[in-house]
Amino acid sequence: MSLEALLVVSAVLFGVGVYGALSQQSFVMIMMGIELMLNGAMLAAGAFWAYTAAGQPKAQMLVVVLFTVMAVEAAIGFALVINIYRVRKADITEKLKKLKG
Amino acid sequence: MNAPLLADVLFWLFAAGSVLSAWRVFRADSMMRAAYWLFASFVGVAGIFLLLGAEFLGFILILMMAGEMTIMVVFMVMFMMNPAGLNPMTMVHQHRTSIAVGVLAFLGLAALALFADFPAAPVADTSRATAELGTELLGGSMLVFQTAGVTLLSTMIGAIALASVRGRYGDAEAGSTEPQIAPEGVGRGSHAMPAAKEEPEMDEHHGHLGHG
């Protein structure tokens, strides 16, 4: 276990998340891709806390902030999916072509 | 087996499990299973946190994700087609581009991880990380902590406002429905709206007709 190995694992998670967020059609699957990206970011922040910050608790605060970001993303994402489903009966991005105008 | 070797083996197990389940998220036939695979990926990262000595973060991550993934599964069953995964499911667009961008993102970040020069200041083995984080949360970084709390509160209010059926001035979707071509569609959602409020909407419909 080393900083490099941790960062490479987090890079893999981020890459898979990017792939998912770009390729999926369903709104909730796109949210899953975004959460995977945040997962990789959290792992990287934890790794930096453990290997480069001499154990300062302030570095762990960054992970706490990322938790908050993830909770906000999930809550607003679910609310938007409910709203779009109710208004447009859409559950995949292809049904929202009207946005193009 | 000595402790560092055991930690290494556990780390690679958690890392491989996390990456594999991340990949399975987008290969599962059922979105419900995809949500559980995502949870497995988070558990792997939480395990790595425990190995690093950040026990609080690891357990909070598991608790938070258990709740969130449960909500997500309920969501899948409510809204999405094919929740049971009886049929094969591939719902992707711009697939090749996405793969290319994902690989590029990985390569860029991995190159950064391998070739950048980071300061080496590891955590001491005697670190009391959880106690120190608690003191930090309610001491030096209290403003950050409180701001996170207020942000979450406003998020909750915003989410309720977005998701509720009825807004303060009528149906929540009144402003966001597509304009109807046929004049019959004008009466949408009028039961909760005073008549005067509907006039601009009617103008908009006529304008639309004129364009068509």
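Values in this document were obtained by computation on a predicted structure and should not be read as measured data. (Residues numbered from 1 in each chain as written. Chains lettered and ligands numbered in written order. Predicted model: local features only at pLDDT ≥ 70, side-chain atom pairs only at ≥ 80, totals over all residues.)

J.: Tell me about the overall build of chain B, residues and numbers included.
T.: Counting its regular elements, chain B contains 7 helices and 2 strands. N-terminal to C-terminal, the α/β element order of chain B is α-α-α-α-α-α-β-β-α. Considering chain B as a whole, with its 212 residues, one finds that 24% of them fall into the buried category. The long-range fraction of contacts in chain B, counting pairs at least 24 apart against all pairs at least 6 apart in sequence, stands at 53%. (Helix = DSSP H or I, 4+ residues; strand = E, 2+ residues; numbered from the N terminus. Buried ≥ 20, exposed ≤ 12 C-beta atoms within 10 Å, placed from the backbone. Contact = placed C-beta atoms within 7 Å.)

J.: Could you give an account of the environment of Asp117 of chain B, with specific residues and numbers?
T.: Residues and elements named next belong to chain B. Mapping Asp117 onto the fold places it in the loop between helix 4 (95-115) and helix 5 (129-137). Classification of Asp117 as exposed rests on a count of 5 C-beta atoms within 10 Å. Spatially, the C-alpha atom of Asp117 lies 44 Å from that of Phe75, the residues being 42 residues apart in sequence.

J.: Residue-level account of the nonpolar core, with values.
T.: A general tendency of soluble globular proteins is for nonpolar side chains to be buried together. Val28 and Leu43 of chain A together with Ala35 and Leu38 of chain B are the most contacted members of the largest nonpolar core, which has 76 residues in total. The leading source of residues in this core is helix 2 (residues 27-52) of chain A, at 17 residues. Ala35 of chain B has contacts with Met69, Met72, Val73 and Met76 of chain B, leaving out every residue within four places of it along the chain. (Core = buried A, V, L, I, M, F, W, Y, C linked by C-beta atoms within 7 Å.)

J.: A description of the packing of helix 1 (residues 3-23) of chain A against helix 2 of chain A should follow, citing residues and the corresponding values.
T.: Residues and elements named next belong to chain A. One way to put it is that helix 1 packs onto helix 2 with a least axis distance of 7 Å and a crossing angle of 165°. For the element pair helix 1 / helix 2, the angle class is roughly antiparallel. Judged by the twist between their axes, the crossing of helix 1 over helix 2 is left-handed. Looking at the contact of helix 1 with helix 2 residue by residue, the class counts come to 21 nonpolar, 7 polar and no charged. (Axes fitted to C-alpha atoms, helices over the stretch in contact; angles between N-to-C directions. Parallel < 35°, antiparallel > 145°, perpendicular 65-115°, else oblique. Left-handed = near helix turned anticlockwise from the far one by under 90°. Nonpolar A, V, L, I, M, F, W, Y, C, P; charged D, E, K, R; others polar.)

J.: Pulling in residues and values, what's your account of the confidence of the model for chain B?
T.: All names here are of chain B. Summary statistics for chain B give a mean pLDDT of 79 and a share of 73% for residues scoring 70 or more. Confidence drops under pLDDT 50 across residues 189-212; counting only partners more than four residues distant or on other chains, this segment forms 21 contacts. We note a pTM of 0.81 for the whole complex and an ipTM of 0.91 for its interfaces. (pLDDT = per-residue confidence, 0-100.)

J.: Describe the interface of chain A and chain B, with residues and values.
T.: How big an interface is tends to be reported as the loss of accessible area on association of its parts. Each partner contributes to the interface: chain A provides 62 residues, whereas chain B provides 75 residues. Mapped onto the side of chain A that touches chain B, the elements with two or more residues apiece are helix 1, helix 2 and helix 3 (57-88) of chain A. No other element matches helix 3 of chain A, which puts 23 residues into the side of chain A that touches chain B. Across the side of chain A that touches chain B, the residue classes break down as 43 nonpolar, 13 polar and 6 charged.

J.: Describe the packing of helix 2 of chain A against helix 3 of chain A, with residues and values.
T.: Residues and elements named next belong to chain A. One way to put it is that helix 2 packs onto helix 3 with a least axis distance of 9 Å and a crossing angle of 175°. In this view, helix 2 runs roughly antiparallel relative to helix 3, as classed from their interaxial angle. Here Phe27, Val28, Met31, Ile34, Glu35, Leu38, Ala41, Met42, Ala45, Gly46, Phe48 and Trp49 of helix 2 come into contact with helix 3, specifically with Ala59, Gln60, Leu62, Val63, Leu66, Val69, Met70, Glu73, Ala74, Gly77 and Val81.

J.: Account for the environment of Phe14 of chain B, with residues named and values stated.
T.: Residue and element names in this part refer to chain B. Among the structural elements, Phe14 can be located in helix 1 (residues 3-25). Phe14 gets classed as buried once you count the C-beta atoms within 10 Å, which come to 21. Along the backbone, Phe14 and Gly47 are 33 residues apart, and their C-alpha atoms lie at a distance of 6.3 Å. Excluding residues that lie within four positions of it along the chain, Phe14 makes contacts with Gly44, Gly47 and Ile48.

J.: Could you give me a rundown of unusual backbone geometry, with the residues and numbers involved?
T.: Residues and elements named next belong to chain B. Backbone geometry at Gln94 places phi at a positive 40°, although glycine is not the residue there. Among the secondary structure elements, Gln94 is positioned in the loop between helix 3 (55-79) and helix 4. Take Gln94: there are 12 C-beta atoms within 10 Å of it, and that puts it in the exposed class.

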